[in-house]
Amino acid sequence: MGYENRDIPEGINVSKAHPLKEFAWLAAGLIILVVFSVLVLSLMAEHLTRYIPFSLEQKATASVSKRYADEHPLNQQQQEVQTYLQTLADTLVVNQGLDDDMSITVHYVDDDTVNAFATLGGHVIIFKGLLQKMPHENALSMVMAHEIAHIKHRDPIISLGRGLTVYLALSSIVGIGNNSTFEQVLGQTGLLTMMSFSREQESAADRTALLTLKRYYGHLKGAATLFKLLQKEEAEHSAPSFFNSHPLTKDRIKAVMGFAKSIKAPADSTVKAFPDNIHKALRPPAETLEKAENQ
Amino acid sequence: MTNIIIFLVLLVLGYVFGRMAERRHFKSIIDREKQYKHILCFNERTLPVHTPIPEVSLVAGNVVISIDYFKRIAAGLNNIFGGRVRAYESLIERARREAILRMKEDAQQHGAQAIFNVKLETASIYKGRGQQIGSVEVYAYGTALINKS
């Protein structure tokens, strides 16, 4: 018949190049692209979100805040703590010099979680667990002033703006690839940046808080105590969730301690105890029971 | 973090086992191609003139091959940067040659010496289902010429 099948040489469709080599190049390229765009975009977002008026934040969070308050009514004792916290916050606001259009709303949560955080719309949430750990009012003021400083610096909205921008950017890169696995990995990166303040933001809030305390009390006695206490807590394995949103790095403690030392405290400087009714409200239930039995 | 670890483990597993399977498959393909070399394959629809018309029969072979995790990710990177999708090229090559081999095996059982009008059909399976599984089917078929003499 005169027909034949000649041998086709190998390697026409399959290249000899090692697959890992190309993979490494492309993966490195993608990582550089992502890191670069995330950096540039988050810087731009941080810069731009500052221009969102605070009143808009307040308007956006008003309904959530009201619904929460309706769903979690406070009893009389809790109400006293809340009022006390709000009064303290208002005093610190004056000493910190917040803009006139900004206001702080404190929410007391009757829960053992050791945490406090500032969020959008000037809302500061303080948990009972954290209050119980505070030895005196000065330590509490440090926490409060730190959270108020976050709001003064517009950190919550900046973090949100930054996080959203990064998330959108990553999703659009992923959109080109159209691959669900990338989406999962990259999406999480975006969400992580959305929910946390950067180290710089934390340090800046520390500095503002210390200056506020200095103005209010005239010394920084309690502030340093708070950091020592937190450091001790951390060492004793049971790192409370406070550290998750407020990473307590060595540099941060060092900076605070250095600042505290640089300010000469008057010889007669004393820390301020909690008012009696607050002290009573915060006492752990076990202790209350014991006292009742002794009487 | 857990997700990233799972991702990396899947990537390594996909690479190791995928590469092992591919190497073994290519070796087997090359061996069997030599074995069935005597069965000739042509895509012409008509026989050469003056060929005695023998008995004919439809012969076919099909294969479905799935990509591994590493190939999927590598192809994802190619989707962003462009270029040859080498991860898929070798996959399709394997599927095509395997399908032709299976068709030849079928022809062998019929006692055929040649296959004319060979055609390849391909289909991707699970297309559009969230990209969970990617596999390709290649179907090879043709008219086998069987000389009874």
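Just so you know, these numbers come straight off a predicted model, no measurement behind them. (Residues numbered from 1 in each chain as written. Chains lettered and ligands numbered in written order. Predicted model: local features only at pLDDT ≥ 70, side-chain atom pairs only at ≥ 80, totals over all residues.)

A. Just the overall build of chain A, in detail. Looking only at helices and strands, chain A has 13 helices and three strands in total. Sorting the 295 residues of chain A into buried and exposed places 28% on the buried side. Residue pairs in contact within chain A that sit at least 24 positions apart in sequence constitute 73% of those at least 6 positions apart. (Helix = DSSP H or I, 4+ residues; strand = E, 2+ residues; numbered from the N terminus. Buried ≥ 20, exposed ≤ 12 C-beta atoms within 10 Å, placed from the backbone. Contact = placed C-beta atoms within 7 Å.)

B. Expanded view of the overall build of chain B. The number of helices and strands found in chain B is three helices and four strands. Walking chain B from its N terminus toward its C terminus, one meets helices and strands in the order α-β-β-α-α-β-β. Looking at the 149 residues of chain B, the share that counts as buried comes to 25%. Counted over contacts in chain B with a minimum sequence separation of 6, partners at least 24 positions apart contribute 83%.

C. Up close: the pairing of strand 2 (residues 116–119) of chain A. Residue and element names in this part refer to chain A. One ladder, built from four bridges, connects strand 2 with strand 3 (residues 123–127); its direction is antiparallel. Of the residues in strand 3, the one forming a bridge with Ala118 is Val124. Here strand 2 folds back onto strand 3, and the loop between the two strands holds three residues, one of which, Gly121, carries a positive phi near 75°. (Pairing = 2+ DSSP bridges.)

D. Expanded view of the sheet that holds strand 3 (residues 114–125) of chain B. All names here are of chain B. The four strands lie next to each other as 1-3-4-2, forming an open sheet whose pairing is mixed. The sheet is open, and its two borders are formed by strand 1 (40–41) and strand 2 (55–66), each paired with just one other strand. As defined by bridge partners, strand 2 adjoins strand 4 (residues 135–146) across twelve bridges and the pair is classed as antiparallel. Each residue of the ladder has a partner; that of Ser57, found in strand 4, is Ala144. Sheet strands touched by helix 3 (residues 86–110): strand 1, strand 2, strand 3 and strand 4. Its angle to strand 2, the strand with the most contacts, is close to 150°. (Axes fitted to C-alpha atoms, helices over the stretch in contact; angles between N-to-C directions.)

E. Structural view of the packing of helix 5 (residues 137–152) of chain A against helix 8 (residues 199–217) of chain A. Residues and elements named next belong to chain A. Contact geometry for helix 5 and helix 8: axes closest at 8 Å, N-to-C directions at 125°. As far as their axial angle goes, helix 8 and helix 5 are oblique. The two elements helix 5 and helix 8 cross, and the hand of that crossing is right-handed. On helix 8, the residues that touch Asn138, Ser141, Met142, Ala145, His146, Ala149, His150 and Lys152 of helix 5 are Ala205, Asp206, Thr208, Ala209, Thr212, Leu213, Tyr216 and Tyr217. Class assignment of the residues belonging to the contact of helix 5 with helix 8 gives a composition of eight nonpolar, six polar and two charged. (Parallel < 35°, antiparallel > 145°, perpendicular 65-115°, else oblique. Left-handed = near helix turned anticlockwise from the far one by under 90°. Nonpolar A, V, L, I, M, F, W, Y, C, P; charged D, E, K, R; others polar.)

F. Highlighting the environment of Tyr36(B). All names here are of chain B. Tracing the backbone through its elements, the reader meets Tyr36 in the loop between helix 1 (2–35) and strand 1. The partly exposed category is assigned to Tyr36, around which 16 C-beta atoms lie within 10 Å. Spatially, the C-alpha atom of Tyr36 lies 10.0 Å from that of Gln113, the residues being 77 residues apart in sequence. Apart from the residues within four sequence positions on either side, Tyr36 is in contact with Leu101, Lys104 and Gln108.

G. Highlighting the pairing of strand 3 of chain A. All names here are of chain A. With four of five residues buried, strand 3 lies mostly within the body of the structure. Where strand 1 (residues 105–109) and strand 3 come together, five bridges link them in parallel fashion. Residue pairing across strands places Val106 opposite Val124, the latter belonging to strand 3.

H. Inspection of helix 2 (residues 54–71) of chain A at higher detail. Helix length check: helix 2 of chain A (18 residues) gives 26 Å between terminal C-alpha atoms against 26 Å at 1.5 Å per residue, within 8%. Burial of helix 2 of chain A is sparse: only one of the 18 residues sit out of reach of the surface. (Expected span 1.5 Å × (residues − 1).)

I. Seen up close, unusual backbone geometry. A positive phi is found at Arg154(A), a non-glycine position, where the angle reads about 65°. Relative to the assigned elements, Arg154(A) resides in the loop between helix 5 and helix 6 (155–177). Residue classification places Arg154(A) among the buried residues on the basis of 20 C-beta atoms within 10 Å. Positive phi outside glycine occurs at Asn117(B), with the angle close to 55°. Tracing the backbone through its elements, the reader meets Asn117(B) in strand 3.

J. The sheet that holds strand 1 of chain A, seen in detail. Residue and element names in this part refer to chain A. Reading across from one edge, 1-3-2 is the order of the three strands in this open sheet, with mixed pairing throughout. The open sheet has two free edges, formed respectively by strand 1 and strand 2, since each of these has just one partner strand. The mean inter-strand angle of the sheet, taken between neighbouring strand axes irrespective of direction, is 20°. Along the sheet, helix 3 (residues 76–96) makes contact with strand 1 and strand 3, crossing strand 1 at roughly 145°.

K. Inspection of the packing of helix 1 (residues 19–49) of chain A against helix 2 (residues 69–81) of chain B at higher detail. Between helix 1 of chain A and helix 2 of chain B, the least distance of the axes is 10 Å, while the angle of their chain directions is 55°. The pairing of helix 1 of chain A with helix 2 of chain B is recorded here as oblique in orientation. Seen along the crossing, helix 1 of chain A lies across helix 2 of chain B with a hand that is left-handed. Residue-level contacts link Pro19(A), Phe23(A), Leu26(A), Ala27(A), Gly29(A) and Leu30(A) of helix 1 of chain A to Ala74(B), Leu77(B), Ile80(B) and Phe81(B) of helix 2 of chain B. The residue inventory of the contact of helix 1 of chain A with helix 2 of chain B, partitioned by class, reads nine nonpolar, one polar and no charged.

L. Geometry of the confidence of the model for chain B. Here chain B shows a mean pLDDT of 88. Residues at 70 or above account for 94%. With a pTM of 0.64, the predicted complex shows an ipTM of 0.74. (pLDDT = per-residue confidence, 0-100.)

M. Quick look at helix 3 of chain A. All names here are of chain A. The end-to-end C-alpha distance of helix 3 is 30 Å, a good match for the 30 Å that 21 residues give at a rise of 1.5 Å each. For helix 3, the complete set of buried residues consists of Val81, Tyr84, Ala89, Leu92, Val93 and Gln96. Positioned one or two residues after helix 3, Gly97 has a phi angle of 70°, which is positive.

N. Representation of the environment of Asn13(A) within the structure. Examined against the element boundaries, Asn13(A) turns out to sit in the segment before helix 1. C-beta crowding within 10 Å serves as the criterion here: with 16 such atoms nearby, Asn13(A) is assigned to the partly exposed category. Asn13(A) has contacts with Glu89(B) and Glu93(B), leaving out every residue within four places of it along the chain.

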